[in-house]
Amino acid sequence: MITQVLAYTDPMSKRLAEVAQKVGVSEATVSRVLNDKPGVSDGTRQAVLTALDVLGYERPTKLRGERARLVGLVLPELQNPIFPALAEIIGGGLTQNGYTPLLCTQNAGGVTESDYVDLLLAQQVSGVIFLGGNYTQADAPHEHYERLRQVNLPTVLVNARIPELAFPTVSTDDAAAAEQALLHVHQLGHRKIGMLLGPTDHIPSQRKLAAGRLLLEKLGAPLSDDMIVRGLYSLESGQAGATRLIAAGATAIVCASDPIALGAVRAARRAGFRVPQDISVVGFDDSALMSCTEPPLTTVRQPIESMGRTVIELLLSQIAGTRQTGDELLFEPELVLRSSTAPVA
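Note that the coordinates shown come from a computational prediction; the quantities given were computed from them, not determined experimentally. (Residues numbered from 1 in each chain as written. Predicted model: local features only at pLDDT ≥ 70, side-chain atom pairs only at ≥ 80, totals over all residues. Heavy atoms only, no water.)

### A short note on the packing of helix 8 (residues 174-187) against helix 9 (residues 203-218)
The N-to-C vectors of helix 8 and helix 9 enclose an angle of 45 degrees; their axes lie 8 Å apart at closest approach. Classified by the interaxial angle, the pair formed by helix 8 and helix 9 is oblique. Every pair of crossing elements has a handedness; the one defined by helix 8 and helix 9 is right-handed. On helix 9, the residues touching D174, A175, A178, E179, L182 and L183 of helix 8 are P204, R207, K208, A211, G212, L215 and L216. Per-class residue counts for the contact of helix 8 with helix 9 are eight nonpolar, one polar and four charged. (Axes fitted to C-alpha atoms, helices over the stretch in contact; angles between N-to-C directions. Helix = DSSP H or I, 4+ residues; strand = E, 2+ residues; numbered from the N terminus. Parallel < 35°, antiparallel > 145°, perpendicular 65-115°, else oblique. Left-handed = near helix turned anticlockwise from the far one by under 90°. Contact = heavy atoms within 4.5 Å. Nonpolar A, V, L, I, M, F, W, Y, C, P; charged D, E, K, R; others polar.)

And the structure:
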């Protein structure tokens, strides 16, 4: 994308007015900043320069300077232990390469992804890594990603994204994960198999569902609509969804995350069933302590060590000036057999 350049000699230009409106100052003040003239406070000067970045305009050469050796690390949440684990791997790798990670964690009703993008641009970071976020949901806001593209800020996404956002992406193969989990419980004799997934517009969940439908159709045990429940990525949502599946007769439940799976285990017990003797449960992630639950959770492991190394390589390559394609690199998951699955009763 061609970066727009301000006509700095024309204080009445439309683009100059855009910057002034964004900051809430006069066009004359913006002009003084762009021409590096005195009489403007440091705070206002920085606000004008940040507005240039956000609006996608190129700074004057003498005002560009070097980007800070900071990298934004944006997490969708901390409740799912897979995200802090991945952040630790990537943060450690960044530190080894001389960069300081800035951890940006979202909370319901708190700072948004868009807010964090503005903040990181203001901090003149060298790049941004997203460990899940709006790009994984088709119906979520996506305008802030365009701001990153406009200023050519090195960016890497982790987790399946919508096709329109062609940033370098590192993902676990969601289709393979679903196939591994479903084939496992099918081989144990289960035919009433339920799936607990994320929201309808969630791309990883869409991939899991599409692969699951296709596999079970081939195996002669098609996935009926009452065996599909969508919800949030939380233990409580998993419990609510599993309660519905159990009421519909499910004997095995394949989940889109480990916290969802723990909710399914709780739901089975609350309904008077045993796991795995009566109901089998499979998670996804193999996050910390899943071998210490009761029963230890059978799950599909994401290879976060190798994924984390690749994320760092992709980011550093962009920072060094190498143009990256917007390809998605898929990593093969691994089924980890523990004690939450058993042959159908």
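Once the structure has been displayed, the description carries forward.
### Points about the nonpolar core
By size, the foremost hydrophobic cluster in this structure holds 44 residues, and its most contacted members are I90, V128, I129, F130, L131 and V158. Looking at this core, the elements with two or more residues in it are strand 3 (70-75), helix 5 (82-96), helix 6 (113-122), strand 5 (127-131), helix 7 (143-150), strand 6 (155-158) and helix 12 (304-319). Excluding residues that lie within four positions of it along the chain, I90 makes contacts with L73, I129, L131, G308, V311 and I312. In terms of nonpolar packing, the next biggest core, distinct from the first, is built from 39 residues, A252, I260, A268 and V282 among them. (Core = buried A, V, L, I, M, F, W, Y, C linked by side-chain atoms within 4.5 Å. Buried < 20%, exposed > 50% of the residue type's maximum accessible area, 1.4 Å probe, protein only.)

### Quick word on the packing of aromatic side chains
Enumeration according to the criterion identifies three aromatic pairs in this entry. Their ring planes at 75 degrees and their centres at 6.2 Å tell us that F130 and Y135 sit as a pair that is edge-to-face. Taken as a pair, F130 and Y135 share a single burial class, namely buried. When the ring of Y135 is compared with that of Y145, the centres are 6.0 Å apart and the planes differ by 75 degrees; the resulting orientation is edge-to-face. Placement of Y135 in the loop between strand 5 and helix 7 and of Y145 in helix 7 is noted, with a sequence separation of 10 residues between them. (Phe/Tyr/Trp six-rings, centres within 6.5 Å; stacked < 30°, edge-to-face > 60°.)

### Overview of unusual backbone geometry
For the peptide bond that leads from V275 to P276, omega is 15 degrees, which places it in the cis range. Turning to its location among the elements, P276 is positioned in the loop between helix 11 (258-270) and strand 11 (280-285). That bond from E294 to P295 is cis: its omega, 0 degrees, falls within 30 degrees of zero. You can see P295 is positioned in the loop between strand 11 and strand 12 (298-301). A positive phi angle, close to 55 degrees, is found at N152, a residue other than glycine. Secondary-structure assignment places N152 in the loop between helix 7 and strand 6.

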